[in-house]
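Chains, contacts and geometry: an overview
Below are the chains, spelled out letter by letter.
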Amino acid sequence: MAPRVRIGHNRWFNLLWLIPIGFVVLIVAVAAAKGLRNVNAVEQFITAHPGTVADGAGPTSAALPIWVGVQHFFNLFLLIFIIRSGLQILTDHPRLYWTRHSTPGREWFRIQKPVPSDPLWTAKKDSIDLPGQVGLPGIRHSIGLARWWHLGVDVLWLVNGIVFYVLMFTTGEWRRVVPTSWEVFPNAASTLVQYLSLNWPAETDVGGYNSLQLLAYFITIFIAAPLAFITGLGMSPALSTRFRRISSVLSIQAARSLHFLVLVWFLLFIVVHVALVFMTGLLRNLNHLYANNNGGGWVGFWVFAASMVLVVVGWVAATPFTFRHPRVVQRVGYALIGPAQRLFEHLDAKPGQYSEADISPYFWHNGVYPDSAEYTALQDGGFVDYRLRINGLVAQPVELDLTQLRALPHQEQITQHFCIQGWSGIAKWGGVSLQTLIDLVKPAPEAAWVVFYSLGDGSDGGIYYDAHPIEQMSYHLTMLAYDMNDEPLSFGHGAPLRLRNEIQLGFKQVKWVKGIEFVASMADVGGGYGGYNEDHEFFGYRQTI
Ligand SMILES: Nc1nc2c(c(=O)[nH]1)N[C@H]1C(S)=C(S)[C@@H](COP(=O)(O)O)O[C@H]1N2
Ligand SMILES: [Mo]
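Note that this is a predicted model, so its numbers are computed, not measured. (Residues numbered from 1 in each chain as written. Chains lettered and ligands numbered in written order. Predicted model: local features only at pLDDT ≥ 70, side-chain atom pairs only at ≥ 80, totals over all residues. Heavy atoms only, no water.)

1. Quick look at the sheet that holds strand E2 (residues 11–14)
Test applied: When DSSP finds at least two bridges between two strands, those strands are taken to pair. Numbered from the N terminus, helices here are DSSP runs of H or I no shorter than four residues, and strands are runs of E no shorter than two.
Taken together, four strands build an open sheet; the order of strands is E2-E1-E4-E3 and the sheet is antiparallel. Unpaired on one side and paired on the other, E2 and strand E3 (95–96) mark the two borders of the sheet. Two strands pair when backbone bridges link them, and strand E1 (residues 4–7) and strand E4 (residues 109–110) are joined in this way by two bridges, in the antiparallel orientation. Bridge pairing links Val5 to Phe109 in E4.

2. As for the nonpolar core
Here is the rule: Buried residues of nine kinds, namely Ala, Val, Leu, Ile, Met, Phe, Trp, Tyr and Cys, make up a nonpolar core once their side-chain atoms join them within 4.5 Å. Only protein chains enter the area calculation, which uses a 1.4 Å probe; residues under 20% of their type maximum are buried, those over 50% are exposed, and those in between are partly exposed. Where a domain begins and ends is set by an automatic assignment or by a domain database. Note on contacts: a residue pair is in contact if any heavy atoms of the two residues lie within 4.5 Å.
Grouped together as the largest cluster of nonpolar side chains are 123 residues, with contacts concentrated most on Leu388, Leu405, Leu437, Phe452, Leu480, Ile516 and Phe518. When residues of this core are assigned to their parent elements, the largest contribution, eleven residues, is made by helix H3 (residues 66–90). Of the domains in this structure, domain 1 (4–342) and domain 2 (356–536) are the two that each give at least three residues to this core. Those residues in contact with Leu437, other than ones at most four positions away along the chain, are Ile390, Leu400, Leu405, Leu408, Val432 and Leu480.

3. Section: empty space enclosed by the protein
Counted only if it meets this: We place a 1 Å grid over just the protein atoms. Points where a 1.4 Å probe fits but has no way out form a cavity, open points with protein on both sides within 12 Å along at least 5 of 7 lines form a pocket, and any residue with an atom within 4 Å of a point lines it. Grid points are joined across faces, edges and corners, and a volume is the space filled by probe spheres set on the points. When residues are grouped by polarity, Ala, Val, Leu, Ile, Met, Phe, Trp, Tyr, Cys and Pro land in nonpolar, Asp, Glu, Lys and Arg in charged, and all others, Gly among them, in polar.
Under the criterion given, the structure shown has four cavities of 30 Å³ or more. The volume enclosed by the largest cavity comes to roughly 300 Å³. Broken down by element, the lining of the largest cavity gets its largest block of residues, three residues, from strand E9 (residues 449–457). Taken together, the residues of the lining of the largest cavity sort by class into eleven nonpolar, ten polar and four charged. Of the volumes computed, that of the second largest cavity is approximately 60 Å³. In terms of lining residues, the second largest cavity is bounded by Thr241, Lys350, Pro351, Gly352, Gln353, Tyr354, Ile414, Thr415, Gln416, Phe418 and Leu477. Residues belonging to the lining of the second largest cavity are distributed by class as follows: five nonpolar, five polar and one charged.

4. A closer look at unusual backbone geometry
Here Leu136 and Pro137 are connected by a cis peptide whose omega angle stands at 5°. In this chain, Ala495 is followed by Pro496 through a cis amide linkage whose omega measures 5°. Looking at where Pro496 falls in the secondary structure, it is placed in the loop between strand E12 (487–488) and strand E13 (498–501). The backbone of Leu198 shows a phi angle near 60°, a positive value even though the residue is not glycine. Looking at where Leu198 falls in the secondary structure, it is placed in the loop between helix H6 (184–196) and helix H7 (211–233). Leu198 gets classed as exposed once you look at its relative accessible area, which sits at 55%.

5. Considering the packing of helix H12 (residues 299–324) against helix H13 (residues 326–344)
The condition is simple: Interaxial angles span 0 to 180 degrees and are taken between N-to-C directions of axes, which are lines fitted to C-alpha atoms, for helices over the stretch in contact. These descriptions rest on fixed angle ranges, namely under 35 degrees for roughly parallel, over 145 for roughly antiparallel, 65 to 115 for roughly perpendicular, and the rest for oblique.
Their axes nearest at 5 Å, the elements H12 and H13 cross at an angle of 100°. Overall, the two elements H12 and H13 adopt an arrangement that is roughly perpendicular. For the pair formed by H12 and H13, the contact residues are Phe321, Thr322, Phe323 and Arg324 on the first element and Pro326, Val328 and Val329 on the second. Considered class by class, the residues forming the contact of H12 with H13 number five nonpolar, one polar and one charged.

6. Thoughts on the packing of helix H11 (residues 282–290) against H12
Running from N to C, H11 and H12 point in directions that differ by 75°, and their axes come no closer than 7 Å. Considered as vectors, H11 and H12 are oriented roughly perpendicular to each other. Residues Leu283, Leu286, Asn287 and Tyr290 of H11 form the contact with H12, whose own contacting residues are Val299, Gly300, Phe301, Val303, Phe304 and Ser307. For the contact of H11 with H12, the per-class residue count stands at seven nonpolar, three polar and no charged.

7. Some words on a positive patch on the surface
Condition: By definition, no residue in a patch forms a salt bridge, and every one has over 30% relative accessible area; like charges are joined within 9 Å, nonpolar side chains (Val, Leu, Ile, Met, Phe, Trp, Tyr) within 5 Å. The Shrake-Rupley method, run with a 1.4 Å probe, gives the accessible areas here. Residue values count only the displayed protein chains as cover. Any Lys or Arg side-chain nitrogen located within 4 Å of an Asp or Glu carboxyl oxygen qualifies as a salt bridge. As used throughout, the charge tally considers Lys and Arg to be positive and Asp and Glu to be negative, leaving His and the chain termini uncounted. Every charge is mapped onto a representative atom, which is NZ of Lys, CZ of Arg, CG of Asp or CD of Glu.
Together, Arg242, Arg244, Arg245 and Lys350 make up a positively charged patch on the protein surface. Position of Arg244 relative to the elements: it lies in helix H9 (residues 244–249). Judged by relative accessible area, Arg244 falls into the partly exposed class, the value being 30%.

8. A short note on the packing of aromatic side chains
Two descriptors summarise a pair of aromatic rings, namely the distance from one centre to the other and the angle between the planes of the rings. Rules: What counts as a ring pair is set by centres within 6.5 Å for rings of Phe, Tyr and Trp (its six-membered ring), and what kind of pair is set by the plane angle: stacked under 30 degrees, edge-to-face over 60, tilted for all other angles. Criterion for a charge above a ring: Lys NZ or Arg CZ within 6 Å of the ring centre, and within 35 degrees of the ring normal.
Considering all chains together, one arrives at 36 aromatic pairs under this definition. Centroid distance Tyr195 to Trp200: 5.0 Å. Interplanar angle 85°. Geometry classified as edge-to-face. A relative accessible area of 31% means that Trp200 is categorised as partly exposed. Measuring from ring centre to ring centre gives 5.9 Å for Phe363 and Trp429, while their planes differ by 85°; the resulting arrangement is edge-to-face. Here Trp429 lies in strand E8 (residues 424–433) and Phe363 lies in the loop between H13 and helix H14 (373–380), a separation of 66 residues in the sequence. Assigned by exposure class, Phe363 and Trp429 land together as buried. Linked through ring pairs, Phe73, Phe74, Phe77, Phe81 and Trp149 together constitute an aromatic cluster. Stacked on the ring of Phe243, the Lys or Arg Arg242 has its end atom at 5.4 Å from the ring centre. Against the face of Tyr529 rests Arg327, its NZ or CZ located 3.8 Å from the ring centre.

9. Description of the site of ligand 1
Selection rule: For this purpose, a residue is taken to be near a molecule or strand whenever a single non-hydrogen atom of the residue falls within 4 Å of it. Polar contacts, as counted here, are pairs of nitrogen or oxygen atoms within 3.5 Å of one another; within protein the pair requires one atom able to donate a hydrogen and one able to accept it, and residues that are adjacent in sequence qualify only if both atoms are side-chain atoms. Those molecules having more than half of their atoms within 2 Å of a cavity or pocket grid point set are described as sitting in that cavity or pocket.
Close contacts around ligand 1 come from 20 residues, with Trp364, Ser454, His493, Arg498 and Lys511 the closest. Residue Ser454 places a side-chain N or O atom 2.9 Å away from a nitrogen atom belonging to ligand 1. His493 is positioned with one of its side-chain polar atoms (N or O) 2.6 Å from an oxygen atom of ligand 1. Here ligand 1, which alone exposes 530 Å², has 100% of that area covered by the protein. Taken atom by atom, the bulk of ligand 1 overlaps the largest cavity. Here the residues of the shell around ligand 1 sort into nine nonpolar, nine polar and two charged.

Function cannot be read off these values alone, since they describe shape.
The following block contains the structure:
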């Protein structure tokens, strides 16, 4: 399946066409640039703006200090795993949108067919395959493991980046990659014409970057990298629900689309950067970066070659390692990103972020529909015989039918749902606040986790369930919903009862809830990892990011 971009209302442009089109554009550009260089005014312009802005101060022509080479290596090594796992995450919901809704047909980019008309089509069915060694871990719908790679390695990458910023600004090295005069723009234009005319700027001094290079480095280091971080956080349910001002501009879908465009920038940068390093004096360039000199010897090359061995080994080993030791990936990933996920769990948001006008026209379905005899019988009887059982470490276990539940104080909220796969939707939920139920059953002091069991099974069989910290049961936006958009909850969305805990991702919003159990530890529940997807698909149990 080729990636496609929507043009106008309903036409889709196959991006593979960019290969021949790009080739033709390049040839035309080269011809045009060659023509321009015969124009006198252009030659004068190039003489006046040769390409490199002379910078009197600063060490810009000396070779790079060793720490730059070390950090450059870490950066590229970590990016392998970040990019591969990022592609894996993208293809788990291979559609990108600009509005916060995820309406089929309104996406601007897709690597999929149109959404089928089946009203119960699920996002999981919509997920696509990637070639094995491209994605990480590389099989379809492996987003749980892909996210540990992505988020865990992100933390290392950010630490590397922060150290890099600090060292750059304390040593004055920043002068190499930050333009300090407007002269950079005419010089960049001049460099571009020189490159395209295949009459390249003279390599007087590898240390002083030409203006085009300078701009590319500046954009990558100071715009693209921070934007990757910010748009990454823009997809967090907890942050989006809490910081509504920011999320009203940077909705999850805008964040996800921009996050993808940052990837596109990085890929373009890598290709052009590597090509130019090879074509403009490879040995001197590698010495400049890796051997602290600007000479023509082989030291830099061998350091580079050794680093490429590590890159290849890391690349090839990542997928088999992940399948052999998925729990290790889950644990290490959690050790790295878990502290941030835990921190954001304290963001109790107030209702009122969205109004009726914001309700999504289309709300994806997800998960495995219940088909047990027990569920079918309840459904056929209009859920008259349905009982919600709440027990475990509580003073007052209860069983409530739907009439009793509807007689309890009514809570309503219009909120945004964030599926781990990347789609989102806004709906109005009506039901009972969890606080109301807590007041009824009176949990014991040792109750720390609240487990929601479903009438439906998970994808590998066995009851679907998920555990939530008891603290979050008292949050403003934690409720059991029996209505969605002013109608009784439909079969697909979880009839007769589903959970809403708005700081968490979608898979924790258990549908077709059968019972609630208060426990001291989740270790004895299911596989012990805090939920069905946590047990079976290596998801994390704290999912605020
Ligand atoms: N019982 C049960 N609940 C479930 C699931 C499931 O498979 N079984 N899927 C979860 C996932 S991954 C998501 S994104 C939401 C989807 O809710 P929706 O179908 O109402 O959009 O339900 C969650 N609750
Ligand atoms: Mo989901």
